[in-house]
Amino acid sequence: MNNMLALGILVVGAFLIQSALGFFQIRHFGNEYNELKADGRVAIGKRAGKLTSGTIIMFQLDEEGVIIRGKKLQGTTILARFKPYNNFNGRLIEAIKAEDPDVLAEIKITRKTIMNAVTNYRMFINGEIIPEKESPFKELTKKITNIKFG
């Protein structure tokens with residue numbers, strides 16, 4: 001029984017540590033966003049990595065939609081932090097296309113994240129609602145409920 005108790009304590013401890021570090025990462029995101037938002041509009045692109053690193057890119061924009069500066073968070077752990085990402089400074093966000101050489105020079109997940117930011121900006125400017133991506137748990141639940149037996 002002592003082994004089960006020790007295992008339970010270990011699992012609960014790991015969960016609490018992960019929750020605390022996740023809280024700090026969310027707070028870090030909020031601080032970085034507020035810093036960019038204080039000086040203009042912000043376009044955000046995100047791409048979750050299921051088994052690979054996830055990526056978030058934030059572009060600070062002027063009134064015309066020109067990228068002033070960017071920040072990128074990329075990593076597989078909750079210890080990842082935003083770093084300057086200025087590869088698109090001076091570019092009109094609406095003019096960025098998937099086939100641009102600057103986009104193609106990036107790794108696949110970063111390309112998708114950049115294009116997600118562009119799409120989100122276009123939808124926002126057109127007054128459309130930006131859809132929220134479903135959580136992996138909800139996607140799994142949908143797949144399981146759609147299985148037909150017999």
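About the cut-offs
- Residues numbered from 1 in each chain as written.
- Predicted model: local features only at pLDDT ≥ 70, side-chain atom pairs only at ≥ 80, totals over all residues.
- Heavy atoms only, no water.
- Helix = DSSP H or I, 4+ residues; strand = E, 2+ residues; numbered from the N terminus.
- Rg over C-alpha atoms; globule rule 2.2 N^0.38 Å.
- Buried < 20%, exposed > 50% of the residue type's maximum accessible area, 1.4 Å probe, protein only.
- Contact = heavy atoms within 4.5 Å.
- Phe/Tyr/Trp six-rings, centres within 6.5 Å; stacked < 30°, edge-to-face > 60°.
- Polar contact = N/O pair within 3.5 Å; in protein donor to acceptor, adjacent residues only side chain to side chain.
- Core = buried A, V, L, I, M, F, W, Y, C linked by side-chain atoms within 4.5 Å.

Enquirer: It is not clear to me how the overall build of the chain should be interpreted in this structure. Could you clarify?
Expert: Along the chain, the regular secondary structure elements total 4 helices and 4 strands. Beginning at the N terminus, the succession of helices and strands in the chain can be written as α-β-β-β-β-α-α-α. Relative to the compact-globule value of 15 Å for 150 residues, the chain shows a C-alpha radius of gyration of 19 Å, a clear excess of over 25%. In terms of principal-axis extent, the alpha carbons of the chain reach across some 65 × 45 × 30 Å. Going through the 150 residues of the chain one by one, you find that 29% of them count as buried. Contacts in the chain between residues far apart in sequence, at least 24 positions, make up 46% of those at least 6 positions apart.

Enquirer: Would you mind going over the packing of aromatic side chains with me for this structure?
Expert: Centre-to-centre distance and the angle between the planes together describe a pair of aromatic rings. Applying the stated criterion across every chain, the model contains 6 aromatic pairs. Taking 5.6 Å as the distance between ring centres and 65° as the angle between the ring planes, the aromatic pair formed by Phe23 and Phe24 counts as edge-to-face. Looking at Phe23, the relative accessible area reads 48%, which means it is partly exposed. On the basis of relative accessibility, which here comes to 39%, the residue Phe24 falls in the partly exposed class. Judged by centre distance (6.0 Å) and plane angle (40°), the ring pair of Phe29 and Phe82 falls under tilted. Residue Phe29 is located in helix 1 (residues 2–37), and its partner Phe82 is located in the loop between strand 3 (67–75) and strand 4 (83–84); the two are separated by 53 residues in the primary sequence. In this structure Phe82 comes out as buried when scored by relative accessible area, which is 9%.

Enquirer: Looking at this structure, I do not really get the environment of Asn116. What am I missing?
Expert: Mapped onto the elements of the fold, Asn116 is located in helix 3 (residues 108–125). Distance in space between the C-alpha atoms of Asn116 and Phe82 is 18 Å, their sequence separation being 34 residues. Excluding residues that lie within four positions of it along the chain, Asn116 makes contacts with Ile44, Gly45 and Lys46.

Enquirer: Looking at this structure, I do not really get the side chain of Asp100. What am I missing?
Expert: Along the polypeptide, Asp100 turns up in the loop between strand 4 and helix 2 (101–104). In terms of polar contacts, Asp100 uses its side chain to reach the side chain of Arg91, at 2.5 Å.

Enquirer: Even after reading the chapter, I still don't get the nonpolar core, so can you show me in this structure?
Expert: Soluble globular proteins tend to pack their nonpolar side chains together in the buried interior. Ranked by size, the top nonpolar core spans 15 residues in total, and within it Phe59, Leu61, Ile67, Phe88, Ile93, Ile96 and Ile114 carry the most contacts. Listed by contribution, the elements that provide at least two residues to this core are strand 2 (54–61) and helix 3. The element contributing the most residues to this core is helix 3, with 5 residues. Leave out the neighbours within four places in its chain, and Ile67 touches Phe59, Gln60, Leu61, Phe88, Asn89, Gly90, Arg91, Ile93 and Ile96.

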